[in-house]
Amino acid sequence: TDAVAAAEWAKQRELERTSRMQPHTQRLAEVNALLNANRAKSELSGLQARIEFQTLLVQLFLQRRFRHVLIGSRFYRSIFDDGDNQLRLGEETKSLFAKLSDIPPTVTSLDALANEAIRDVKQGVEAVEFLLEKDELQSASQRLGESFAIGEHLPEINQFPRADRQRILEFTRRANQLLSALEVKDYTRAEQLVAELQETAKDFDPSQPLTAVQTARNVSRMHLARARNAALSGDAETLERELRAATEIWPNNPDLADVSGQIFEQTDVQQQALLELDRLMEQGDHRAIFKQSAKFIAAAALHPDRQEKLGVILEQMTEIEGALQ
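As the structure is a computational prediction, the values presented were derived from the model and not from experiment.

The rules behind each value
Residues numbered from 1 in each chain as written. Predicted model: local features only at pLDDT ≥ 70, side-chain atom pairs only at ≥ 80, totals over all residues. Heavy atoms only, no water. Salt bridge = Lys/Arg side-chain N within 4 Å of Asp/Glu carboxyl O. Helix = DSSP H or I, 4+ residues; strand = E, 2+ residues; numbered from the N terminus. Buried < 20%, exposed > 50% of the residue type's maximum accessible area, 1.4 Å probe, protein only. Phe/Tyr/Trp six-rings, centres within 6.5 Å; stacked < 30°, edge-to-face > 60°.

Undergrad: How should I be thinking about the pattern of salt bridges in this particular structure?
TA: Once the charged atoms of two side chains with opposite charge are near each other, the side chains can pair. Inspection of the entire model under this criterion finds ten salt bridges. The partner of R167 in a salt bridge is D135, with the nearest N and O atoms 2.9 Å apart. Placement of the pair is R167 in helix 7 (residues 162–183) and D135 in the loop between helix 4 (107–133) and helix 5 (137–150), with a sequence separation of 32 residues. Of the charged contacts in the structure, one is a salt bridge between E191 and R217, with a shortest N-O distance of 3.0 Å. Within this pair, whereas E191 is found in helix 8 (residues 187–200), its partner R217 is found in helix 9 (residues 207–233), the two being separated by 26 residues in sequence. The exposure class of R217 is buried, given its relative accessible area of 15%. Where salt bridges share partners, they join E170, R173, R174 and E196 into one cluster.

Undergrad: Got a minute to help me understand the packing of aromatic side chains in this structure?
TA: Each aromatic ring pair is summarised here by two numbers: the centre-to-centre distance and the angle between the ring planes. Enumeration according to the criterion identifies six aromatic pairs in this entry. For the ring pair F53 and Y76, a centre distance of 5.4 Å and an interplane angle of 90° mean the geometry is edge-to-face. Of this pair, F53 sits in helix 1 (residues 2–62) while Y76 sits in helix 2 (residues 66–79), placing them 23 residues apart in sequence. The residues F53 and Y76 share a single accessibility class, namely buried. Each ring, one from Y76 and one from F80, has its centre 4.8 Å from the other, and the planes form 50°; the classification is tilted. Members of the aromatic cluster, connected to one another through ring pairs, are F53, F75, Y76 and F80.

Put into structure tokens, the structure is as follows:
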């Protein structure tokens, strides 16, 4: 019938049209797949670019190049304007930023921290200049060290006047020399450095180093006094121990050399007097012994055998002299 023929004809036309459109449909599917792949690649490339840019910003921040951080963060926001400023960081870097600030780690917070660091350094350098005008070098050196630790590469640090740097460097060098002198127990040099530091820095506190010097001097004098008494009593063991203790406390103590010299000189005189006494006794020259009785009595005070012989000789000579008179 006509209806069946029309349906068959329509079916044939549809098959012909489908056959003609098959290559175009396949090509369209391929183009759509390519577009989807490019879109995914573009998103991945954009994410990678964000991560690399953020990594650069974090590196600049950790290197304390804060002005570079400001430039980079503002450039980042102009390129990636979709509002995704969240920093994609590792766990260690996240913990570091958590210590620096309670704000979540974003490009904006990085910008804020950089601005705060720049402001702190600027205020610190202004405080250093004010302290230098007051000759308060100790406080100035501390504030400059704090500012340098925060912003080593900032212009406020790099352009700090060389003459002011030299003043602070000289103070710091003498302070370090004072610490070294106290460490090696060179208290004479320490006293000299304390006087120099007091003269150059009005805010220098000499109480601690001077207390250490005075304590060492007093303890050393105490040991030297004991050594002198031991020398007078002939206690060689105590003499050696006290001299060693005094030397350990203050190796360069000027009194140590004087006392040691006096002790050794006194010991030499005593030994010479004993030798002379023995010689005169062997020669039987009692009159010479009687004439120098004071010297021989002092020399023989620690030697009972010689003291006894000397006592007999002096007693005999006293009787002889009395009989002659």
